[in-house]
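Residue-level structure breakdown
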Amino acid sequence: MDAPLHITTPLWDSPPMARACGARVLLKMEALQPLGSFKIRGIGQACTQRVIRGARHLIASSGGNAGHAVAYAGRRLGVTVEVFVPETTPADMRDRIAAEGAVVTGRGRSWDDAHAWAMAVAAEREDAAYIHPFDDPDLWLGHATMLAEIVAAGARPDAMVVAVGGGGLMIGVLTGMHAAGWRDVPVLAVETEGAASLHAAVAAGELVTLPAIESIATSLGARTIAREALAWTRRHPVVPHLVDDAAAVRACERFADDHRVLVEPACGAALAAVYEPAPALAGRREIVVIVCGGAGVSLSRLASWSASTGVSDSSRP
Ligand SMILES: *Cc1c(COP(=O)(O)O)cnc(C)c1O
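Residues numbered from 1 in each chain as written. Predicted model: local features only at pLDDT ≥ 70, side-chain atom pairs only at ≥ 80, totals over all residues. Heavy atoms only, no water.

This brings us to unusual backbone geometry. What is expected of a backbone is that most residues other than glycine have negative phi and most peptide bonds are trans. Positive phi, close to 60°, is recorded for Arg260, a residue that is not glycine. For Arg260, the location among the structural elements is in the loop between α10 (245-259) and α11 (265-275). By relative accessible area, which is 67% here, Arg260 ends up exposed. (Helix = DSSP H or I, 4+ residues; strand = E, 2+ residues; numbered from the N terminus. Buried < 20%, exposed > 50% of the residue type's maximum accessible area, 1.4 Å probe, protein only.)

What follows covers the packing of aromatic side chains. The final tally for this structure, using the stated rule, is one aromatic pair. Considering the side-chain rings of Trp111 and Phe134, the 5.9 Å spacing of their centres and the 40° angle between planes classify their relative orientation as tilted. Highlighted residues: Trp111 in helix α5 (residues 111-124) and Phe134 in the loop between β6 (128-130) and α6 (137-152), separated in sequence by 23 residues. Here the basic side chain of Arg107 rests over the ring of Trp117, its NZ or CZ set 4.2 Å away from the ring centre. (Phe/Tyr/Trp six-rings, centres within 6.5 Å; stacked < 30°, edge-to-face > 60°. Lys NZ or Arg CZ within 6 Å of the ring centre and 35° of its normal.)

With that settled, the discussion passes to the packing of helix α2 (residues 39-52) against helix α3 (residues 65-77). Between α2 and α3, the least distance of the axes is 9 Å, while the angle of their chain directions is 45°. Considering the angle they form, α2 stands oblique to α3. Here α2 and α3 pass one another in a crossing that is right-handed. Contacts between α2 and α3 involve Lys39, Ile40, Ile43, Gly44, Cys47, Thr48 and Val51 from the first element and Asn65, Ala66, Ala69, Val70, Tyr72, Ala73 and Leu77 from the second. (Axes fitted to C-alpha atoms, helices over the stretch in contact; angles between N-to-C directions. Parallel < 35°, antiparallel > 145°, perpendicular 65-115°, else oblique. Left-handed = near helix turned anticlockwise from the far one by under 90°. Contact = heavy atoms within 4.5 Å.)

What follows deals with the nonpolar core. In terms of nonpolar packing, the biggest core is built from 111 residues, with Leu58, Met160, Val161, Met170, Phe255 and Leu271 touching the most fellow members. If one sorts the elements of this core by residue count, α11 sits on top with nine residues. Residues in contact with Phe255, not counting those within four places in the same chain, are Met17, Leu27, Met29, Arg260, Val261, Val263, Leu271, Tyr275 and Val291. (Core = buried A, V, L, I, M, F, W, Y, C linked by side-chain atoms within 4.5 Å.)

Another point: α6. Helix length check: α6 (16 residues) gives 23 Å between terminal C-alpha atoms against 22 Å at 1.5 Å per residue, within 8%. Within the span of α6, buried status applies to Asp138, Leu139, Trp140, Gly142, His143, Ala144, Met146, Leu147, Glu149 and Ile150. The opening residue of α6 is Asp136, an N-cap whose side-chain oxygen sits 2.8 Å from the backbone nitrogen of Asp138. Of the residues trailing α6, Gly154 is marked for its positive phi of about 95°. (Expected span 1.5 Å × (residues − 1). Polar contact = N/O pair within 3.5 Å; in protein donor to acceptor, adjacent residues only side chain to side chain.)

The next thing to look at is the pattern of salt bridges. Summed over all chains, the structure comprises 15 salt bridges. Glu149 serves as the salt-bridge partner of Lys28, at 2.7 Å between the closest nitrogen and oxygen. Separated by 121 residues along the polypeptide, Lys28 in strand β2 (residues 24-28) and Glu149 in helix α6 bring together distant segments of the chain. A single burial state applies to Lys28 and to Glu149, both of which are buried. The salt bridge partner of Asp138 is Arg50, with a shortest N-O separation of 3.1 Å. (Salt bridge = Lys/Arg side-chain N within 4 Å of Asp/Glu carboxyl O.)

Turning next to the sheet that holds strand β5 (residues 103-106). Taken in spatial order, the four strands line up as β5-β4-β3-β6 in an open sheet, and their pairing is parallel. Lying at the two open borders of the sheet, with one neighbouring strand each, are β5 and β6. Across the sheet, the axes of successive neighbouring strands diverge by a mean angle of 20°, strand direction being ignored. Note: strand β3 (residues 57-60) against β6, three bridges, orientation parallel. Counted as the bridge partner of His57 is Ala128 from β6. (Pairing = 2+ DSSP bridges.)

Our focus in this paragraph is the side chain of Ser62. Examined against the element boundaries, Ser62 turns out to sit in the loop between β3 and α3. Polar side-chain contacts of Ser62 include one of 3.2 Å to the backbone nitrogen of Gly67.

Looking now at the site of the ligand. Residues in contact with the ligand amount to 16 residues; listed here are only the nearest, Lys39, Asn65, Gly165, Gly167 and Leu169. Separating an oxygen atom of the ligand from a side-chain N or O atom of Asn65 is a distance of 2.8 Å. One of the backbone N or O atoms of Gly166 is found 2.8 Å from an oxygen atom in the ligand. In the complex, 97% of the free accessible area of the ligand, which totals 380 Å², lies under the protein chains. When the residues that make up the shell around the ligand are grouped by side-chain class, the tally is seven nonpolar, eight polar and one charged. (Near = heavy atom within 4 Å. Areas by Shrake-Rupley, 256 points an atom, 1.4 Å probe, with all protein chains shown as cover. Nonpolar A, V, L, I, M, F, W, Y, C, P; charged D, E, K, R; others polar.)

It is worth spelling out the packing of α6 against helix α7 (residues 168-179) at this point. Packing of α6 against α7 brings their axes to within 7 Å, and their N-to-C directions diverge by 60°. One finds that α6 runs oblique with respect to α7. Seen from above, α6 lies across α7 with right-handed handedness. Listed contacts from α7 to Leu139, Trp140, Leu141, His143, Ala144, Met146 and Leu147 of α6 are Gly168, Leu169, Ile171, Gly172, Val173, Thr175, Gly176 and Met177. Residue classes in the contact of α6 with α7 are distributed as ten nonpolar, five polar and no charged.

In structure tokens:
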């Protein structure tokens, strides 16, 4: 149980993205993790800790990359897994989770419904542990491991770019940055307009629960961010940045052309902040982008997002 469930990922230099924004761009290629996203870092750590403390059954509440990662971690750790997903979760994602040996149950219309079910079921079983997709200190430590790799690879950025859903990834990155002494390097925290729960919380100065998620970047669809994410915005220069769905999809397409890797719009949002440079990146020398990846993408899905957001009608460079 000592070997981590994630792999060390490469840090790629991106000349095409450097041309787009005028700074050196380094890509932390989390899209190359075994399941296609960074999630296994934190989920792997959280699941391992629960099993060490005696859990024999892991329960998750995500039809996306987090649920997939819990299923994978449970199989690797030799415990059973049950994943509650919203009824809207596409069949291919359910199949992918079930293929890891997990029981997949549809409950409710949104993540919040599935989360409530999962919590209730976990509370009934003494040997069960609920694994939260973004709000868990063990998970943050797991995500922080990517920072140690970026430091070891020799990067010395003067800006970091990270996508924000519930904020677990951002908290992990910031934790790793402070461990490395990078206390002054600003973090561009990117969300899509229909999933802007961090942006809303920073603007209000307190946690805000969005009435609904209206973005194709479903992996960014946390209606409320983790309290710790808001706390970090008060102890570190964090710059919230919004892109629209069309920009996120355009970035997925450009990235596939430039680097031959498919990523979800959730990741495209972070890439869009570099391809169509965010004001906060002006005058920067070296930017590290967390390419968070995501398995909920395919050529046909990208084509239909492209059509639905009007990307394919516009003249792409
Ligand atoms: C989970 C996820 C995010 C958002 O991470 P949070 O920790 O919820 O902020 C972004 N991109 C992808 C691909 C994800 O799976």
